[in-house]
Structure formats: structure tokens, C-alpha cells
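Tertiary structure, described
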Amino acid sequence: GFFACFLMVLVLLFRVQPYLMMSGLEKWNQCYEEKELTELPLTGKEELEERLSRQKFRLMEGEYYTRSRFSFWKDVIHYYVRVVEDVDIESAIQRESARFDRMGKAKKNFCLLLFIYLERVGEYEKEMVKNFVKHGIMLEEFQPQSACSVLAVAVDERTNAGYFLDMERRSWIVLYSYGSRMLKKIAERK
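Once a new chain begins, its residue numbering starts again from 1 and follows that chain's sequence as written. Local features in this predicted model are restricted to residues whose pLDDT is 70 or higher, and side-chain atom pairs enter the listing and the counts only when it is 80 or higher, whereas totals over whole chains, interfaces and linings include all residues. For side-chain calculations, the full set of non-hydrogen atoms in the structure is used, while hydrogens and water are omitted.

Now for the confidence of the model for the chain. It should be kept in mind that the predicted coordinates are not to be read in detail where pLDDT is low. Across the chain, each position has a pLDDT score giving the predictor's confidence in that residue, from 0 to 100. When the pLDDT values of the chain are averaged, the result is 78; 71% of them are 70 or greater. Here a helix means four or more residues in a row that DSSP labels H or I, a strand means two or more in a row labelled E, and each is numbered from the N terminus. Here helix H1 (residues 2-34) is the element of the chain with the lowest mean pLDDT, 52, and strand E7 (residues 161-164) is the one with the highest, 94. Working rule for contacts: check all heavy atoms of both residues, and any pair within 4.5 Å makes them a contact. Across residues 5-22, confidence stays below pLDDT 50; counting only partners more than four residues off in sequence or on other chains, it has one contact.

Here it is in C-alpha cells:
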């Protein structure tokens, strides 16, 4: 009867789910691959840090700026901002992501906005940002209970232009979309 049909549907879902998931991953990968990075006018490091203070971020030990905000869908989102200078974007992203992971956060819903100031932002740096972020967003899409998201911004020190993958309207349950909105608030000129 009903119970037998229900069990059959469950068995089919468990057998088909990996194929559906792979199909979904390929679809999202293609979507993000086609999306261009957004260029955002930023400022030098010192003025960016002043803007963070005006946005009620407070400086913690370890050079993270932090702020928590209420969210209807996520309860509270804990934003962390790190501003660094580097010559290699790949090593900066890996080092800072690992450093953030080692902080041992006991809460959930963490969003790291990582501003990486570079002498020059070229195609290689843009591709690194896109690939790093793309994989993080896809992980969040398929594991919505994810506790952390990292939004990397490559900032060209000559032009003060920041480059990031804007997914603000992607989803209300994906932490990355909250980070995109916060980044735009920080970058607003007043």
C-alpha cells in the first residue's frame, strides 16, 4: 500500500541522488563560470579600515574586524573582515582561509570578507578569485547548513578597484549572498 510506495520512492531517491547532485553541480559550475567578476570602486587600506569603523565593525586581536547582524533567515550572521597586502593571490587566499578555520569558532553563520591588496590585478588574479569563490558557493548550495563562507576581493592598489564574484541575489540561505551585500555597504561612498 502507501507505506510500500513510500519506501520505494525513498530507495529511488537515494539511488538517483548522486546523479542528480552531479547534474546540479555541473549546472551551477557552468552558471558561475559564465558569470563575470564585479568591479567595485574601493579605497586604500587606511580609508577602508575607517569605513569599517563607521559601519560599526570593531577590531579584534589578530587584525580581524568583526560585527554581528540579525538575519531573519539565519538568526545572526557573524561578519569578519581581514585586510591584507600580498604579492601572490593564491597563497594569500589559502593562508588566510586556513588561518580563519583555525580560529575555532564555536558559533555558526560566519562570513569572512577577505580584502587582498595587490600591486596589480590581472587576469590570473581574477581567475583565482573566481575559482576559489565558485567552489565555496557550490559547497554552500549543496550543504546549506554550512557554518562559514569566504568572500575574496582582489584589490588593485594602483586603481583601488576591487574584483569579486557578486552573488547577492543568489539565495537567502547562502551565507555568501549576505557577504556580497555587506561588501557593497562597506564600499558605499558617503
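Now that the structure has been shown, we can carry on.
As a further point, take helix H5 (residues 175-187). Side chains of residues three or four places apart in an α-helix project in the same direction, reflecting 3.6 residues per turn. End to end, H5 covers 19 Å across 13 residues, agreeing with the expected 18 Å (1.5 Å per residue, within 8%). By the criterion of burial, H5 is predominantly enclosed, with 11 of the 13 residues buried. When a residue's accessible area, from a 1.4 Å probe over protein chains only, is under 20% of the maximum for its type it is buried; when over 50% it is exposed; and in between it is partly exposed. Residues Leu175, Tyr176, Ser177, Tyr178, Gly179, Ser180, Arg181, Met182, Leu183, Ile186 and Ala187 constitute the buried set of H5. By definition here, a helix of n residues has an expected span of 1.5 Å times n minus one.

In a regular helix each residue adds 1.5 Å, so 13 residues correspond to 18 Å; helix H3 (residues 89-101) covers 18 Å between its end C-alpha atoms and thus fits that length. Within H3, burial applies to Ile89, Ala92, Ile93, Glu96, Ser97 and Phe100. Around the axis of H3, the buried residues are gathered within 120° of arc, so they sit on the same side. Facing away from the buried side of H3 by over 90 degrees, the exposed positions are Gln94 and Asp101. Throughout, the arc means the angular range of directions from the helix axis out to the C-beta atoms.

One non-glycine residue, Lys56, lies in the positive phi region at around 70°. With respect to the secondary-structure elements, Lys56 resides in the loop between helix H2 (45-54) and strand E2 (58-59). Residue classification places Lys56 among the exposed positions, given a relative accessible area of 65%. Unusually for a residue other than glycine, Asn160 sits at a positive phi of about 60°. The class of Asn160 is partly exposed, set by a relative accessible area of 23%.

With that out of the way, let us pick up the environment of Glu85. Secondary-structure assignment places Glu85 in strand E4 (residues 75-85). For Glu85, a relative accessible area of 49% puts it in the partly exposed group. Residues within four places of Glu85 in sequence aside, it is in contact with Lys45, Tyr117 and Glu157.

To continue, consider the pattern of salt bridges. Salt bridge, as used here: a side-chain nitrogen of Lys or Arg that lies within 4 Å of a carboxyl oxygen of Asp or Glu. In the structure shown here, the tally under the stated rule is 10 salt bridges. Here Glu96 makes a salt bridge to Arg95, at a shortest N to O gap of 3.2 Å. The class for Arg95 is partly exposed, based on a relative accessible area of 39%. Several salt bridges converge on common partners, so that one network encompasses Glu63, Arg82, Asp86, Arg95, Glu96 and Arg99.

Let us now look at the packing of aromatic side chains. Each aromatic ring pair is specified by the distance between its two centres and by the angle formed by the two planes. Classification of ring pairs uses Phe, Tyr and Trp, with its six-membered ring standing for Trp, and accepts pairs whose centres are within 6.5 Å; under 30 degrees between planes counts as stacked, over 60 as edge-to-face, and the remaining range as tilted. Going through the model one piece at a time under the given rule, you end up with five aromatic pairs. Consider the rings of Tyr64 and Tyr80, whose centres lie 6.0 Å apart with planes at 85°: the pair is edge-to-face. In this pair, Tyr64 sits in the loop between E2 and strand E3 (65-71) while Tyr80 sits in strand E4, placing the two residues 16 residues apart along the sequence. The burial state of Tyr64 is the same as that of Tyr80; both residues are buried. The interplanar angle of 35° and the centroid separation of 5.6 Å between the aromatic rings of Tyr80 and Phe110 together place this pair among those described as tilted. Taken together, the residues Tyr80 in strand E4 and Phe110 in strand E5 (residues 110-118) connect sequence positions 30 residues apart. Of the two residues, Tyr80 and Phe110, both sit in the buried class.

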